[in-house]
Amino acid sequence: MGKRSIHKKLFLLLTLMGIIPFLTMLIYSGLRLADHMEQHAKNTGWLNNTIVNEHLTNVLQNNFYTLHTIADAPTIKKYLTTGTPEDENALRQLLRSNDNLFRDNNLTAVTNMEGQQLLRSDDSPLVNVSQRRHFQKAMSGHDYVSDIIVSMSTGQMMIVMEVPVFNDQHQPIGMLQRNLNLDNLQEFITNQSVDDISILVLDQENKVIANSHPESADVEDPDYYKKIVRVMNENNGIARIELLGEKYFVTCSRNQLTNWNVATIQSSSVVYHAANEEVVRVGIIGLLLLLLVSIVAHILATRMTVPIRKICQVITDIVKGNDDEKQLSILSEDELGEMALAINEIRAMRHNMKQENDTDALTGLASRAAVEAICRQRLQEYEESFAPGMMAIFLIDLDNFQKATKEDGHQYGNRILQKFAQGLKEIFRSYDTVGHLDSDEFVVIIDHQKDLTIIKRKANEINQMARNLTIGDTNAGISASIGIAVSPQNGKTYNHLFHAADLALFAAKEKGRNNYHIAGEDEGEFAGIEGSNNS
């Protein structure tokens with residue numbers, strides 16, 4: 001056998017029939033797995049952010065509750081008013097008891113109206129905080145949580161929680177603050193961060209409050225943290241972005257109490273690593289299956305080409321003058337030649353029949369069968385989400401057509417139908433389906449409609465065209481009643497839509513003809529859709 005033998009072609013075809021589905025499934029599975037891993041990374045990010053946010057909110061709320069309790073105590077109000085040593089000792093004991101309750105190595109301080117600290121639970125040097133924003137916010141009567149600042153007493157990075165102290169006339173007479181160092185939050189997110197996942201907490205000025213991987217804090221990219229915050233502002237809190245030359249999944253959320261950003265950062269290479277390993281395992285199994293497919297394809301190709309190879313040998317013998325096998329020439333003509341001729345004739349007949357079946361001879365529009373086939377195909381595309389928007393079916397009946405035909409004859413009626421068909425073609429787009437059903441019934445199918453606006457406009461154009469239709473210089477004296485059904489609101493199958501359109505056509509006739517009716521519109525099925533009566 002030569003290089004182009006049927007055996008080799010059939011073997012190649014059968015092998016490809018095994019390879020192509022396998023490759024398709026391999027690619028599909030890889031993409032699905034990658035998508036699954038991405039979704040898992042997103043869910044992990046949201047979960048970590050939620051845990052950190054809840055922890056942060058709980059810590060701040062507990063501290064605020066305690067500060068409010070102390071700020072409402074008569075002891076601190078009396079101290080800020082009179083300032084006696086007895087009041088100071090009582091308040092100092094109260095502040096230290098509060099610090100011992102939290103056991104977080106944070107301090108509590110009392111400041112007067114001028115911003116001068118009067119008392120600190122850690123006995124550190126007293127400072128004036130009148131220029132600090134947290135003091136100004138508290139003295140305006142509001143609770144406040146600062147961004148990250150440097151302590152004037154200790155020089156350490158911290159955040160400050162501030163609540164005002166009011167007198168009996170509800171006027172600020174001082175404020176109570178609690179300085180929170182960052183070690184506890186740093187320890188929490190470090191414990192929360194696992195499997196190459198980084199967690200950041202950034203204040204409103206994009207300064208790092210806590211970082212689960214402190215070694216990565218000194219980054220070379222000056223926009224590193226801006227890119228992360230941009231995910232929150234521009235990408236709804238989640239995106240895949242490039243940081244330091246690598247791709248990362250970043251999930252951002254904002255703490256409602258502080259407006260700080262919490263970000264979870266995961267390397268794309270780590271996320272896809274598991275997917276790649278699974279694809280490799282599937283690939284190895286697939287190669288083994290391909291080997292088996294090749295063996296089966298070889299066996300099948302050999303068995304299927306035995307008769308053809310025998311016929312080829314007989315024809316070769318005849319060409320060479322071997323008269324012993326000449327009778328097979330008739331067999332060959334009977335089984336192969338006549339079969340091919342018969343198939344060609346059948347195909348030609350089917351083609352002609354299809355052409356006749358798909359086109360209405362009188363109007364040149366699509367026939368009923370063609371309309372049904374097109375409608376079913378487009379509904380299938382909508383079902384598989386290949387086509388967006390809504391699809392509408394216009395079922396059109398010519399009013400007074402029978403009267404015009406009876407008075408002026410059958411040929412006159414045909415001219416009306418042909419003129420009306422041409423009018424429909426001019427109203428609708430070239431790729432819309434316009435068909436002629438029976439006698440004076442027409443149908444139009446349009447799709448990709450976002451609302452009812454164009455559908456109603458086209459119905460009005462049909463009504464106007466029918467009323468103004470003339471034969472020669474004489475008005476034909478007809479009008480059009482139109483029933484409209486819309487998918488998916490009125491159904492998702494051919495039968496349901498045509499039934500709904502037929503009922504809508506009946507309703508249009510009941511309203512006096514020369515109008516249109518959209519199925520389900522009066523019942524509110526299109527509520528909220530632009531162009532509906534309920535809009």
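For the structure itself, consult the block above.
Rules behind the numbers
Residues numbered from 1 in each chain as written. Predicted model: local features only at pLDDT ≥ 70, side-chain atom pairs only at ≥ 80, totals over all residues. Heavy atoms only, no water. Helix = DSSP H or I, 4+ residues; strand = E, 2+ residues; numbered from the N terminus. Core = buried A, V, L, I, M, F, W, Y, C linked by side-chain atoms within 4.5 Å. Buried < 20%, exposed > 50% of the residue type's maximum accessible area, 1.4 Å probe, protein only. Contact = heavy atoms within 4.5 Å. Pairing = 2+ DSSP bridges. Axes fitted to C-alpha atoms, helices over the stretch in contact; angles between N-to-C directions. Phe/Tyr/Trp six-rings, centres within 6.5 Å; stacked < 30°, edge-to-face > 60°.

*Asks:* Hey, could you run me through unusual backbone geometry in this one?
*Replies:* Keep in mind that most residues, glycine aside, have a negative phi and that most peptide bonds are trans. Each neighbour pair has its own omega, and for Ser 487 with Pro 488 the value is 15 degrees, a cis peptide bond. Phi is positive for Asn 259, close to 65 degrees, though the residue is something other than glycine. Residue position: Asn 259 is located in the loop between β10 (246-254) and β11 (261-267).

*Asks:* Teacher, can you tell me more about the nonpolar core here?
*Replies:* Buried together is how nonpolar side chains tend to be arranged in soluble globular proteins. If you look at the biggest cluster of nonpolar residues, it comprises 37 residues, and the most contacted ones within it are Phe 394, Ile 396, Ile 416, Phe 420, Leu 424 and Ile 462. Of all the secondary structure elements, the ones that give two or more residues to this core are β12 (390-399), α10 (401-408), α11 (410-427), β14 (441-449), α12 (453-467) and β17 (479-487). Residue contributions to this core peak at seven residues, all from α11. Apart from the residues within four sequence positions on either side, Ile 416 is in contact with Leu 398, Phe 401, Ala 404, Leu 469, Ile 471, Ala 476 and Ile 478. If you look at the next biggest cluster of nonpolar residues, it comprises 33 residues, including Leu 56, Leu 80, Val 110 and Ile 189.

*Asks:* What's the story with the sheet that holds strand β9 (residues 238-243) in this structure? I'm lost.
*Replies:* Sheet strands pair via backbone hydrogen bonds, and the direction of the pair is either parallel or antiparallel. Read from one edge of the open sheet, five strands run β8-β7-β11-β10-β9, paired in antiparallel fashion. The sheet terminates laterally at β8 (208-211) and β9, the two strands that pair on one side only. Pairs of neighbouring strands in the sheet enclose a mean axial angle of 30 degrees, with direction left out of account. In the packing of helix α5 (residues 183-192) onto the sheet, the strands contacted are β7 (197-202) and β8, and the crossing angle to β8 comes to about 40 degrees.

*Asks:* Would you explain the side chain of Ser 479 in this entry?
*Replies:* Counting through the fold element by element, Ser 479 comes out in strand β17. With near-sequence residues (within four places) excluded, Ser 479 lies in contact with Asp 397, Leu 398, Asp 399, Asn 400, Ala 466, Arg 467 and Asn 514.

*Asks:* Can you help me understand the packing of aromatic side chains in this one?
*Replies:* Aromatic ring pairs are described here by two measures, namely the spacing of the ring centres and the angle between the planes. In this structure the tally under the stated criterion is three aromatic pairs. Between Phe 394 and Phe 428, the aromatic rings sit 5.6 Å apart at their centres with planes inclined by 70 degrees, giving edge-to-face as the arrangement. With Phe 394 in strand β12 and Phe 428 in the loop between α11 and β13 (433-436), this residue pair connects regions lying 34 residues apart in the sequence. Judged by its relative accessible area of 0%, Phe 394 falls in the buried class. Between Tyr 494 and Phe 498, the aromatic rings sit 4.6 Å apart at their centres with planes inclined by 40 degrees, giving tilted as the arrangement. With Tyr 494 and Phe 498 both in helix α13 (residues 494-510) and four residues apart, this pair spans about one turn of that helix. Phe 498 carries the same exposure label as Tyr 494, and that label is buried.

So, to be careful, I would describe these as geometric facts and stop short of saying anything about function.
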